[in-house]
Amino acid sequence: MSNPSRGRGGPRGGYPGGPRGGGDGFSGGRGSGVRGGYGGGSRGGVPGDLIFRGPASVDQRLATLDQLVSSFTNLTFKPERPHRPGFGTLGRQITLRANFFAVKLPKGPIYDYRVEITPSTDIKRIRARLFELLKQSNQEDWQQFVPFIHHDSSQRLVSSKKLPQPLDVQVQYYEDGEAGPNTRSKTYTFAIIHTTDFDVAQLTKYLSGDTRSRDYDVQPLVSAVNLVLQTYAANTGVRVGKNRYFFPSQERFELALGLEAVRGFFASARPAYKELMVNVGVCMTAFYRPGNLADAIMAFQRSSDGAMLQRFTQKLKVTTRHLGYKQKKPIKKIMPMSARRTFFHCEEYNGKISVEEYFKKSTFPLSYSSFTR
């Protein structure tokens, strides 16, 4: 078994989302220059010139901000959501460059769907794999819509094309690495149920400061956009928490005891004046160094001066290959007995057998069969 790179913890903050860009009419724009308060130095990372490519310029939308605020005088005051009375006049005006990038939205509506899987499963790994297989399905009334859909690998799906209703898609489950389904593969049915249409024109009015859109709830549509923005990162990187993504090819920094720090990013769509923006920020978190799990445990034992091994492996996931394909599993517990002294009943070998002997017969002999914690 080997332990794949996996994050533990990470910085607080961030919001659901993904990298700039996306598909189906979504695209990223340039960083914005906005009016701000006090100037400050860079917090690190890539120099601004490599991202923005040129001197800062004041966003032209700001020229009409005073008109926008003046229009608020006709609104009724609401303490739960007060409108802005105006801009400050003290201090020195500066140009502030922010890590916000414009998102170009499609003109048409965004269709929202609820996904129900039968038979149901609460195992996140299996649900995520089922959604992968859903996108690979060749079912005739489904395949043509796959390029236009995005999902959360759980229970929600959005599309830039309207899907037929009712829509049921059958999927045969098999693990990543297997050649395909077999006679024992379980069949799941996806029921994709339409819930609502998001009118992009209504969002445009809201972003433009139309006072009649004051009570418009922008969050459902923004969360749908976040599903689109996060698709590339979710397919190519490692997600930690709800919204932070890290990539194996990124620079790594050695920590200690089999740990290393990896740089990633978090991102989220944010409504701004006359634009929908995506806020992109850099973050770092600790990962286990990928490699053989047994070797990592032995190295931990040698270097930790008696620290608890159970804590080292807490919530750790490993990849097994002894069945002929890769399978990711969480470690539940490290047993006090060695593989040589742990027995179980195995129908394949007609009775009781030790863990050591089982793997020896399976052409995967264990390197540390006598190890005990």
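All values derive from a computational prediction rather than experimental measurement.

Let us look at the overall build of the protein. Looking only at helices and strands, one finds ten helices and 19 strands in the protein. Sequence-distant contacts in the protein: of pairs separated by 6 or more residues, those separated by 24 or more amount to 66%. A total of about 22,800 Å² of accessible surface is found on the protein, and carbon and sulfur atoms cover 51% of it.

With an omega of -5°, the peptide bond running from Thr-118 to Pro-119 counts as cis. Tracing the sequence through the fold places Pro-119 in the loop between β5 (110–118) and α3 (124–136). Looking along the chain, the bond that leaves Gln-165 and enters Pro-166 is cis, with omega of -10°. Tracing the backbone through its elements, the reader meets Pro-166 in the loop between β7 (156–159) and β8 (167–172). You will see that Asn-350, though not glycine, has its phi angle at about 60°, which is positive. Along the chain, Asn-350 falls in the loop between β18 (343–346) and β19 (351–354).

To continue, consider helix α6 (residues 219–229). Where burial is concerned, most of α6 is hidden: eight out of the eleven residues are buried. Of the residues making up α6, those classed as buried are Leu-221, Val-222, Ala-224, Val-225, Asn-226, Leu-227, Val-228 and Leu-229.

Among the surface-exposed residues, Lys-124, Arg-239, Lys-242, Lys-317, Arg-321, Lys-326 and Lys-328 lie close enough to one another that they form a single positively charged patch. As for its placement among the helices and strands, Lys-242 is situated in the loop between β10 (238–240) and β11 (244–246). Judged by its relative accessible area of 71%, Lys-242 falls in the exposed class.

Before going further, it helps to examine the environment of Ala-233. Within the fold, Ala-233 resides in helix α7 (residues 231–236). On the accessibility criterion, Ala-233 (0% relative accessible area) is buried. Along the backbone, Ala-233 and Phe-266 are 33 residues apart, and their C-alpha atoms lie at a distance of 9.9 Å.

What follows concerns the side chain of Thr-231. Structurally, Thr-231 is set in helix α7. Here the side chain of Thr-231 touches His-150 through a polar contact of 2.8 Å, side chain to side chain.

Membership of the largest hydrophobic core comes to 27 residues, with the highest contact counts inside it found for Leu-105, Ile-110, Leu-203, Leu-221, Val-225 and Leu-276. Mapped by element, the contributors of at least two residues to this core are β4 (94–104), α5 (200–207), α6, β13 (259–272) and β14 (275–288). In terms of residue count, α6 provides more of this core than any other element does, seven residues in total. Listed in part, the 23 residues of the second largest apolar core include Tyr-113, Ile-126, Phe-145 and Phe-190.

Within this structure, the stated rule accounts for nine aromatic pairs. Geometrically, the ring pair formed by Tyr-245 and Phe-265 is tilted, given 6.2 Å between the ring centres and 35° between the ring planes. Note that Tyr-245 is positioned in strand β11 and Phe-265 in strand β13, a separation of 20 residues in sequence. Pair check on accessibility: Tyr-245 and Phe-265 agree, each one buried. With a centroid separation of 5.9 Å and 15° between ring planes, the pair formed by Phe-247 and Phe-265 is classed as stacked. With Phe-247 in the loop between β11 and β12 (252–254) and Phe-265 in strand β13, this residue pair connects regions lying 18 residues apart in the sequence. Residue Phe-247 is classed as buried on the basis of its relative accessible area of 14%. According to the relative accessible area criterion, Phe-265 is buried, its value standing at 15%. Three or more aromatic residues link up through ring pairs in this structure, and these residues are Phe-344, Tyr-349, Tyr-358 and Phe-359.

Before going further, it helps to examine the pattern of salt bridges. Within the structure shown, the criterion is met by ten salt bridges. Salt-bridge contacts for Arg-114 lead to Glu-116; the nearest nitrogen and oxygen are separated by 3.2 Å. Look at Arg-114 and you get partly exposed, because its relative accessible area is 37%. In this structure Glu-116 comes out as partly exposed when scored by relative accessible area, which is 36%. Across the salt bridge formed by Glu-175 and Arg-125, the nearest N and O atoms sit 3.1 Å from each other.

Before going further, it helps to examine α3. An ideal rise of 1.5 Å per residue puts 18 Å on 13 residues; α3 measures up with 19 Å between its terminal C-alpha atoms. Here α3 has its buried residues at Ile-126, Arg-127, Arg-129, Leu-130, Phe-131, Leu-133 and Leu-134.

The next point concerns the sheet that holds strand β9 (residues 187–198). If you trace the five strands from one edge of the open sheet to the other, you get β6-β7-β5-β9-β8, paired in antiparallel fashion. Strand pairing shows two members of the sheet lacking a second neighbour, β6 (149–151) and β8, which therefore form its edges. Between one strand axis and the next, the sheet turns through 30° on average, direction left out of account. Where β5 lies against β7, four bridges are found, and the strand directions are antiparallel. In the sheet register, Arg-114 faces β7, and the bridge partner there is Arg-156.

This part is about the confidence of the model for the protein. On average, residues of the protein score 79 in pLDDT, and 84% of them are at 70 or above. A low-confidence stretch, residues 4–45 (pLDDT under 50), is modelled with 132 contacts involving residues beyond four sequence positions or located in other chains.

Rules behind the numbers
- Residues numbered from 1 in each chain as written.
- Predicted model: local features only at pLDDT ≥ 70, side-chain atom pairs only at ≥ 80, totals over all residues.
- Heavy atoms only, no water.
- Helix = DSSP H or I, 4+ residues; strand = E, 2+ residues; numbered from the N terminus.
- Contact = heavy atoms within 4.5 Å.
- Areas by Shrake-Rupley, 256 points an atom, 1.4 Å probe, with all protein chains shown as cover.
- Buried < 20%, exposed > 50% of the residue type's maximum accessible area, 1.4 Å probe, protein only.
- Patch = residues over 30% accessible without salt bridge, like charges linked within 9 Å, V, L, I, M, F, W, Y side chains within 5 Å.
- Salt bridge = Lys/Arg side-chain N within 4 Å of Asp/Glu carboxyl O.
- Lys, Arg positive; Asp, Glu negative; His and termini not counted.
- Charge placed at Lys NZ, Arg CZ, Asp CG, Glu CD.
- Polar contact = N/O pair within 3.5 Å; in protein donor to acceptor, adjacent residues only side chain to side chain.
- Core = buried A, V, L, I, M, F, W, Y, C linked by side-chain atoms within 4.5 Å.
- Phe/Tyr/Trp six-rings, centres within 6.5 Å; stacked < 30°, edge-to-face > 60°.
- Expected span 1.5 Å × (residues − 1).
- Pairing = 2+ DSSP bridges.
- Axes fitted to C-alpha atoms, helices over the stretch in contact; angles between N-to-C directions.
- pLDDT = per-residue confidence, 0-100.

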